[in-house]
Amino acid sequence: MAILAFLDTVDGRVKKSAFEILTYAKKTAEVTGEEVYGLIIGKAENKEDVTHYGANKIIHLNPEMKGFDTRWVAKQTKSIAEELGAHTVLMSHSSSGKSLAGYLAVLMDASCLTGVNSIPEKQGDKIVLHRNVFSGKAGATIVMEGPHFVLTVMGNSLQAEQLESASEIETREADTSEVKVKIQEISTVSGKTPLPEAELVVSAGRGMKGPENWSIVEDLADVVGATTACSRPVADSDWRPHHEHVGQTGVAIRPNLYIAIGISGAIQHLAGVNQSKTIVVINKDPEAPFFKAADYGICADLFDVVPRLIESFKKFQSSN
Amino acid sequence: MNLLVCISKTPETTAKISFKDGNTQFDSEGVQHILNPYDEWYALVRAIELKEAFGGSVTVVNVGTSENDAVIRKAIAIGADKAIRVNADPSSAAFVAKQIAELAQKESYDIIFTGKETIDYNGSVVGSMIAAHLDWPYISFANDLDLEGSTATLKREIEGGIETSQVDTPFVVSAAKGMAEQRIPNMRGIMMAKRKPLEAVEPVAFDDKTKFVKYELPDEKGSVKMIDPENTDELVRLLHEEAKVI
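Residues numbered from 1 in each chain as written. Chains lettered and ligands numbered in written order. Predicted model: local features only at pLDDT ≥ 70, side-chain atom pairs only at ≥ 80, totals over all residues.

**Q** Break down the overall build of chain A for me, with residues and values.
**A** The helix and strand tally for chain A stands at seven helices and 18 strands. For chain A, the C-alpha radius of gyration of 21 Å lies close to 20 Å, the compact-globule estimate for 320 residues. Overall, the C-alpha framework of chain A stretches about 60 × 40 × 40 Å when taken along its three principal axes. Buried residues in chain A amount to 56% of all 320 residues. Taking contacts inside chain A between residues at least 6 apart in sequence as the whole, the part at least 24 apart equals 64%. (Helix = DSSP H or I, 4+ residues; strand = E, 2+ residues; numbered from the N terminus. Rg over C-alpha atoms; globule rule 2.2 N^0.38 Å. Buried ≥ 20, exposed ≤ 12 C-beta atoms within 10 Å, placed from the backbone. Contact = placed C-beta atoms within 7 Å.)

See the structure below:
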């Protein structure tokens, strides 16, 4: 028996979250004694990098292909899983992973769970897993019946672990006449780490007073090496692009560090960010509910504090 | 254009979440329910706009008990032509998808819409499962959908970028923010909603393999450590030495 890890790509490169998936597969395999295989579909310039994460073999399908037709990808993944004897297929909880999981689960007649944040625990032929529900306001334990499983794993659930040994890469070409979703264009929004994968996030809200004041947020993000985000009212007022909106109806994130500037911390916002490992809140209102969810707080005018904080980070970096 | 929009009922976004029966059930006591925002604001409204532009009809489908009729009526008031409710307590995404796929097989829909996720279970898989049952193409998280004849052009947000693609009907699409603008039902819509058909049908048998057995609320954060606004160096030190995140 085997575990197949679907390794997600974006912009012609295997994503950071895919490395975590291989480590997750490896840790799951240690419990079940199975072998791990990796599958990459389409262009992947950095494919050599994924060979050091414990897979027996990486299958690279159609290395020139661009775009993602869920139906076609699910059919290819199913037939490769069958060939390898893989009863479990794992992927990241990314836009591709979430699209693929449901389709594949129906084709494989598998139990399906998305957004998993624990390693499967075996209970006979069942497995027990954990995920968050109610947009992060609660957690849940789920029992799934085998023998087939399809899971998407939350980003930053575990650290990818590099190994000495290298796995072999086998390149294949599959027939693409059944591809029905034709890609016209893929445009990259920014060179920064996308929000769901970001380990460091600097986010700002209405306390900024207007889009013209955002340079201090961007400067802070640059000096920390963070991705920028914003609250819903900010995105709704078009102060910032919609893809930056984090919260219940925006992107849910779980970075190591979340710095919230001028965000009061409405329950809908907290739902999208409360899985962050460390939360820093900067707000001049001592009653802001966000302070209750924070690890560190500074109660002061953000226009005074943020420039000073940028200098502190610069000082820290030059001395380390 | 024969359009089907899958709608869910969810607790409203500010609802306080709690559990009962030894943390095995969601406690809906005193909780207000709403149409899942992604279904209502984006999927449903875009379907109505397409109907207004090209003619045809918009059907909404929900899997749930008669308690859901109020939110289903709201979808009709916004502009759907009719509604079907599969009379069952939805136990999982797989169950819901199976029920909707069964109904869709009996009709010839051009496009099936879902929201990108529900705000309670956040699974994001109902749409792709329906597509798989029907062997249709599936496009997820689309924030723009235009039609010319039977060819749709869609934009979807992928991590760090935007992908533009084309696909012919029939297909299943999950709608994300940006696909349409929220519509508030007007008086005429609300009056009409009472007269438009809401049909309840019985579910087909389905063996559910995924069970949510227990819930828990997250640990309360320890109390926040307040830092002197003049001493931002101290915050950086703590992030490095105590939290170890930089």
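**Q** Requested: an account of helix H3 (residues 95–108) of chain A, with residues and values cited.
**A** Residue and element names in this part refer to chain A. Between its terminal C-alpha atoms H3 stretches 20 Å, which fits the 20 Å expected from 14 residues at 1.5 Å a residue. Ala101 marks the point of greatest bend in H3, at about 25°. By the criterion of burial, H3 is predominantly enclosed, with 14 of the 14 residues buried. In the stretch just after H3, Asp109 is the one whose phi turns positive, near 55°. (Expected span 1.5 Å × (residues − 1). Bend = angle between axes of the 7 residues up to and from the residue.)

**Q** I'd like to hear about the sheet that holds strand E15 (residues 225–226) of chain B, residue by residue, with values.
**A** Strand order in the open sheet formed by six strands is E15(A)-E14(A)-E16(A)-E17(A)-E18(A)-E15(B), and the pairing between neighbours is parallel. Whereas interior strands pair on both sides, the edge strands pair on one side only; in this sheet they are strand E15 (227–230) of chain A together with E15 of chain B. In this sheet, strand E18 (residues 296–298) of chain A lies alongside strand E17 (residues 278–282) of chain A in parallel orientation, the contact comprising three bridges. Paired with Val281 of chain A across the strands is Gly297 of chain A, a residue of E18 of chain A. Most of the contacts of helix H7 (residues 302–318) of chain A go to E17 of chain A, to which it runs at about 130°, and overall it touches strand E16 (257–261), E17 and E18 of chain A. Relative to the sheet, helix H6 (residues 232–241) of chain B contacts E16, E17 and E18 of chain A, its axis offset from that of E18 of chain A by approximately 170°. (Pairing = 2+ DSSP bridges. Axes fitted to C-alpha atoms, helices over the stretch in contact; angles between N-to-C directions.)

**Q** How would you summarise the interface of chain A and chain B if you had to cite specific residues and measurements?
**A** With 78 residues of chain A in contact, the opposing surface of chain B contributes 61 residues. Ranked by residue count, the leading element in the side of chain A that touches chain B is H3 of chain A, at nine residues. Considering only residue class, the side of chain A that touches chain B consists of 37 nonpolar, 26 polar and 15 charged. Here E18 of chain A runs beside E15 of chain B; their pairing, made up of two bridges, is parallel. Considered in E15 of chain B, the bridge of Tyr296 of chain A is made with Lys225 of chain B. (Nonpolar A, V, L, I, M, F, W, Y, C, P; charged D, E, K, R; others polar.)

**Q** I'd like a rundown of the packing of helix H2 (residues 70–84) of chain A against H3 of chain A, residues and numbers included.
**A** Angle between the axes and distance between the axes: these two values describe a pair of packed helices. All names here are of chain A. Relative to each other, H2 and H3 sit at 50°, their axes nearing to 9 Å. Classified by the angle their axes make, H2 and H3 are oblique. Pair H2 / H3 crosses with right-handed handedness. Counting all contacts with H2, which are made through Thr70, Arg71, Val73, Ala74, Lys75, Thr77, Lys78 and Ala81, the residues of H3 involved are Ser99, Leu100, Tyr103, Leu104, Leu107 and Met108. Along the lines of polarity and charge, the residues of the contact of H2 with H3 split into eight nonpolar, three polar and three charged. (Parallel < 35°, antiparallel > 145°, perpendicular 65-115°, else oblique. Left-handed = near helix turned anticlockwise from the far one by under 90°.)

**Q** Quick one: what's the story with the environment of Ala288 of chain A, residue by residue and with numbers?
**A** Residues and elements named next belong to chain A. By the element assignment, Ala288 lies in the loop between E17 and E18. Owing to 22 C-beta atoms within 10 Å, Ala288 belongs among the buried residues under this scheme. Separated by 223 residues in sequence, Ala288 and Met65 have C-alpha atoms that sit 49 Å apart. Residues contacting Ala288, with those up to four places away along its chain left out, are Ser264, Gly265 and Asn283.

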